[in-house]
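Architecture at a glance
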Amino acid sequence: MKHDLKPRVCRVLASIFGVPLDSVDTSTSQATVEPWDSLSHIHLIVALEAEFSVSFTPEQALEMTNVQAICDVLRAKGAAG
Amino acid sequence: MPQTRNAAEMLRSVLAAVGESPASYLEAARQVDRWEPAQLGFRQVRVSFVSTFTIEVLLPYLAVEGARRSLAVRSSVAPFGQLEQQVLDPDSAVYRSDPHVIVVAARAGDAAPALIHEFVRLPRAEVEREVEHFVGRLENLLRAVRRHSRAQVLLWNQTMPVRLAAGIADARLDLSQTDTIANVNRRLASVCRCTPGAYVFDVCRVANEVGLARWEDPKLLHLARIPLSAAAQMATAKRLARYLNALTTAPRKCLVLDLDNTLWGGVLGEEGAAAIGLGQDYPGNAFKAFHQELRSYRDRGTLLAIASKNDASAVVEVFERHPDCVLRWGDFAATQIHWNDKAASLVAIAEELGISTEGLAFFDDSPVEREWVRARVPEVQVIDVPADPTRYGAALDESGAFDHVVLTDEDRKRTELYRNDAERRQLARSVTSVEEFLRALQMRVTLCAIDSVALGRVAQLVAKTNQFNVTVRRQSQADIERIIAQGAIAVSMRIEDRFGDNGLVGVAIALEEPRGAASIDTFLMSCRVLGRRAEAALLHAVADRAIARGATRLVVEYVRTKKNAVVAGFLPASGFTPVPDRTGWWQLDLSAGSPPLPDLFEVVERP
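Let us look at the structure shown here. Since we're looking at a predicted model, the values are computed, not measured. (Residues numbered from 1 in each chain as written. Chains lettered and ligands numbered in written order. Predicted model: local features only at pLDDT ≥ 70, side-chain atom pairs only at ≥ 80, totals over all residues. Heavy atoms only, no water.)

1. Looking at the packing of aromatic side chains
All names here are of chain B. Here is the rule: Here a pair means two rings of Phe, Tyr or Trp (six-membered ring of Trp) with centres within 6.5 Å. Their orientation is stacked below 30 degrees between planes, edge-to-face above 60, and tilted elsewhere. Each helix is a run of H or I in the DSSP string that is no shorter than four residues. Each strand is a run of E no shorter than two, and both are numbered from the N terminus. To sort residues, take the accessible area from a 1.4 Å probe on protein chains only and compare it with the maximum for the residue type: under 20% means buried, over 50% means exposed, and anything in between is partly exposed. Two limits define a charge over a ring: the Lys NZ or Arg CZ must be within 6 Å of the ring centre, and within 35 degrees of the ring normal.
Per the counting criterion, the structure on display carries 16 aromatic pairs over all chains. Where Phe468 meets Phe570, the ring centres are 5.1 Å apart and the plane angle is 65°; that geometry is what we call edge-to-face. Taken together, the residues Phe468 in strand E12 (residues 468-469) and Phe570 in helix H26 (residues 566-573) connect sequence positions 102 residues apart. Residue Phe570 is classed as buried on the basis of its relative accessible area, which comes to 8%. Taken together, the ring pairs in this structure connect Phe53, Trp156, Phe201 and Tyr243 into an aromatic cluster. Over the ring of Tyr297 we find Arg300, and its NZ or CZ is 4.2 Å from the ring centre. For the cation-ring pair, Arg582 lies above Trp585, with the distance from its terminal atom to the ring centre recorded as 3.9 Å.

Here is the structure:
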């Protein structure tokens, strides 16, 4: 995939967690975002599925705890930016 | 308050932009949370949830869907799986927030798992025992809620299992799993019917609408105990918001309809009655189907009215003679057919029906008319009408404008009642004095105690009556039942006349107080019978009962609102005098007996 997924992923994260878009980057993870608890993780998963028209496995959902991992999973699913 | 308008305006545009995506809901939920309900002019609704699963996931969706209905939903959620611990303990978090509504969501899959997972193995008697046990458990919970709280209760019913234990053989079983779940739902409905202030939240229906194949996301179920997919979460929150709205806001009373391109295709004045789109084939069949849906609204108590820019005689012709016109002229409680402005037509319709413009919803295919009405009479609910007439029925339903959690006998008879009113007006024009008119009505006023059958209608009047309502205490059905059970004086009034039965139209409740006083808690009369002097009969009945219990005076607080000015004259005219040093309070001396009854109607007293 030539297109970069990251900006769209960051936008979804900013919407779900209510943090400024410019504070979200590749280094953002569950450890750096305070509102990213287990419940909002569920909201994030379904929001990403809707945004990229994909469906994750439970393992993928568990892995996607930082922007880099989310982009990796999405890329593996063939999602475009 | 300009601030209110600006905040509400800003939020409205945010809400209008929310798509069917989780991210946009979450984003909007945060916007909603930024405002105080008072800043928005929203009604606050406190909701407590008890459930067997992670119901928290619904909250941001519910906040948004509530805001779309001008409700500020404040939710609190008890830790999942602790049904009894939370509900049986009067000091638990469920009751601490003094909720308006308590939502009880217990899935059979969690609370009666054998019915879902072991169904094929269970002998019939065992299935019945499981059902009994599960329903009994929920019934017990509702009883406890009723003991500890005045909140209204929404009890979730059961969705069908996504996969049946017997697979495709289920439908041929002697006792199928599908039937068993349906039976559980029937039993839960009956539990709610027997519990004041309790209603079924029909999540089974929501699941059918969404589709069982899309209802669950197994990943969410197994990772987070969430038995609802993202689509199911959105649909459930949307429906829940409609229930909350119906539980806390008076429904609209009258649907005002346009005609051209709303009740038929095309323009009557240009095409003529023979050529309008109303018939067996598209597009006429779409309009005919809408007529059929509207007839059901009429049957359940929604008044229908017409506001149309048209030639009145041509319109009557269509309703009287068109073979495919399902709605008939007599189905409309009021009509405004002329070339004048529609905002004025709406005001005139409300006046004619004796209701406020807040009781109106407006359905018109023209965006220009809708905008005009929205700007001129903002209290009218203007329904967003899609361009496609096959979608009219869905748009009306989704508006929730006429959502009732219960349907009373009065609701079913309403159009007839208002039509009788039209005949009464006819009579009024033919007589010369009010007394003559009232005598000619040959009224029979029946006064009796408020029994359990009447309670639903009484609660409805307490919730909705704005004009002749002295104390304006909006008590729930559960409150009213409790006060009556504690021995209050409680009188209901029905009025029949030569044009028909008006139904239960008056309620008075009074409490005994020390030192020979009886204090009126509720004294109201439906606007349907204003001006009939029947309030005198209702007052007479309360006074009689108070005297029988040894009271020597009747006291009442007149809570003045924008709409109940009609009461201001009633109190002094009936002999009440202001209580010194107690602003708003009035008293009536009973030492010389009850106030006299006017000689205008027959009064029947029943126990």
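Back to the write-up after that little detour.
2. Brief notes about the interface of chain B and chain A
In plain terms, the rule: In this description, contact between two residues means that some pair of their heavy atoms is separated by no more than 4.5 Å. Note on terms: buried area is the combined drop in 1.4 Å-probe accessible area of two parts once they are placed together, counting the loss on both. Basic side-chain nitrogens of Lys or Arg form a salt bridge, by our definition, when they fall within 4 Å of a carboxyl oxygen of Asp or Glu. Whenever two N or O atoms come within 3.5 Å, that pair is a polar contact, provided that in protein one can donate a hydrogen and the other can accept it, and provided that, for residues adjacent in sequence, both atoms are side-chain atoms.
Of the residues lining the interface, 17 residues belong to chain B; the matching set on chain A comes to 19 residues. Together chain B and chain A conceal approximately 1,300 Å² of surface at their shared face, both sides included; 76% is due to carbon and sulfur atoms. When the buried area of chain B at its contact with chain A is split by residue, B:Arg30, B:Lys219 and B:Leu223 rank highest and sum to 38% of it. Between A:Glu49 and B:Lys219 there is a salt bridge, with its nearest N and O atoms 2.5 Å apart. Joining chain B to chain A, the criterion identifies 5 residue pairs in polar contact (both at pLDDT 80 or more). At the level of elements, helix H2 (22-34), helix H4 (59-68) and helix H13 (218-224) of chain B are the ones that each hand at least two residues to the side of chain B that touches chain A.

3. So, the pattern of salt bridges
The full count for this structure, using the stated rule, is 43 salt bridges over all chains. Across the pair A:Arg8 and A:Glu51 runs a salt bridge, and its minimum N-O distance is 3.0 Å. In this pair, A:Arg8 sits in helix H1 (residues 6-17) while A:Glu51 sits in helix H2 (residues 38-52), placing the two residues 43 residues apart along the sequence. Linking B:Glu65 and B:Arg69 is a salt bridge whose minimum nitrogen-to-oxygen distance equals 3.0 Å. Of the two residues, B:Glu65 and B:Arg69, both sit in the buried class. Linked by salt bridges that have partners in common, A:Glu49, B:Asp217 and B:Lys219 make up one network.

This is a description of form; function is not addressed.
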